[in-house]
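Chain by chain, the residues:
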Amino acid sequence: MQAADRDRVGLLCDQLSRWPSLTATIRDGGAETELHDLLALLSNQSDPDSQQVSELIEAIERACARQGLTGLTHRNGGSPGGITALPPGMTGAPEVVGWTCPLSQCNRVVTPEETSHPPACAAVPGPDGRMKPYPPTAR
């Protein structure tokens, strides 16, 4: 998957995790099937086809726009390919300093300043859908 798509998937996942009502907004806009297909594609554990991911995200964006919600999967600034460096204060020390996508399918990063516990991934329901710690810890 291309970096820009990974970034957009990360933004969508973040919004779906924070706002459960967003699923209804997407459904009401006519893209429930596309959201389901996208999440299924991402949870497949293989590298999804970038064009298919992009088309599904665009359909979700259009559905949200019909409901008055625009720019859902676009950053207002920063690098177009997503996060290229850790935020200030993230040193790579052995302790967990943030969380990343458990499927390695997007560029979403959540820091301890945002939450004190591992956040959920929208593509993986249930306890297995918790984001993985960064830096990775030995099990």
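Residues numbered from 1 in each chain as written. Predicted model: local features only at pLDDT ≥ 70, side-chain atom pairs only at ≥ 80, totals over all residues. Heavy atoms only, no water.

Here's the deal with the overall build of the protein chain
Looking only at helices and strands, one finds 4 helices and 3 strands in the protein chain. Mapped from its N terminus to its C terminus, the protein chain presents α and β elements in the order α-α-α-α-β-β-β. Residues counted as buried form 39% of the 139 residues belonging to the protein chain. The contacts in the protein chain between residues at least 6 apart in sequence include a share of 64% that link residues at least 24 apart. Accessible area for the protein chain stands at about 7800 Å²; split by element, carbon and sulfur atoms hold 51% of it. (Helix = DSSP H or I, 4+ residues; strand = E, 2+ residues; numbered from the N terminus. Buried < 20%, exposed > 50% of the residue type's maximum accessible area, 1.4 Å probe, protein only. Contact = heavy atoms within 4.5 Å. Areas by Shrake-Rupley, 256 points an atom, 1.4 Å probe, with all protein chains shown as cover.)

Points about the side chain of S50
Within the secondary structure layout, S50 lies in helix α4 (residues 50-66). Residue class for S50 comes out buried when judged on its relative accessible area of 15%. Sequence-distant contacts of S50, that is, excluding residues within four places in its chain, are made with M1, Q2 and D5.

As for the confidence of the model for the protein chain
For the protein chain, per-residue confidence averages 77 on the pLDDT scale, and residues scoring 70 or more make up 78% of the total. Ranking the elements of the protein chain by mean pLDDT puts strand β3 (residues 132-134) last with 76 and helix α3 (residues 32-42) first with 94. Predicted confidence for residues 76-94 stays below pLDDT 50, and this span has 22 contacts to residues more than four positions away or in other chains. (pLDDT = per-residue confidence, 0-100.)

Things to note about the packing of α3 against α4
When two helices pack together, their arrangement is given by the angle between the helix axes and the distance between those axes. Here α3 crosses α4 at 145 degrees, and the two axes come no closer than 9 Å. Both α3 and α4 take part in a crossing whose hand is left-handed. Residues E34, L35, D37, L38 and L41 of α3 form the contact with α4, whose participating residues are Q52, V53, L56, I57, A59 and I60. (Axes fitted to C-alpha atoms, helices over the stretch in contact; angles between N-to-C directions. Left-handed = near helix turned anticlockwise from the far one by under 90°.)

Some details on the pattern of salt bridges
Any two side chains of opposite charge can pair, on the condition that their charged atoms come close. Taken as a whole and judged by the stated rule, the model has 6 salt bridges. Residue R8 is joined to E58 by a salt bridge in which the shortest nitrogen-to-oxygen separation is 2.7 Å. Residue R8 is located in helix α1 (residues 3-18), and its partner E58 is located in helix α4; the two are separated by 50 residues in the primary sequence. For E58, a relative accessible area of 30% corresponds to the partly exposed category. (Salt bridge = Lys/Arg side-chain N within 4 Å of Asp/Glu carboxyl O.)

A look at the environment of G98
Looking at where G98 falls in the secondary structure, it is placed in strand β1 (residues 98-100). With 20 residues separating them along the chain, G98 and P118 place their C-alpha atoms 8.3 Å apart.

Quick word on α1
Here α1 is 16 residues long and its end C-alpha atoms lie 23 Å apart, about the 22 Å a rise of 1.5 Å per residue gives. Residues of α1 that are buried: D5, D7, R8, V9, G10, L11, L12, C13, D14 and L16. (Expected span 1.5 Å × (residues − 1).)

Considerations on α4
The end-to-end C-alpha distance of α4 is 24 Å, a good match for the 24 Å that 17 residues give at a rise of 1.5 Å each. Three or more residues of α4 are buried, namely S50, V53, L56, I57, A59, I60, E61, A63 and C64. Residues of α4 that are buried in the fold lie against α1, α2 (22-28) and α3. Two residues or fewer after α4 comes G68, characterised by a positive phi angle close to 85 degrees.

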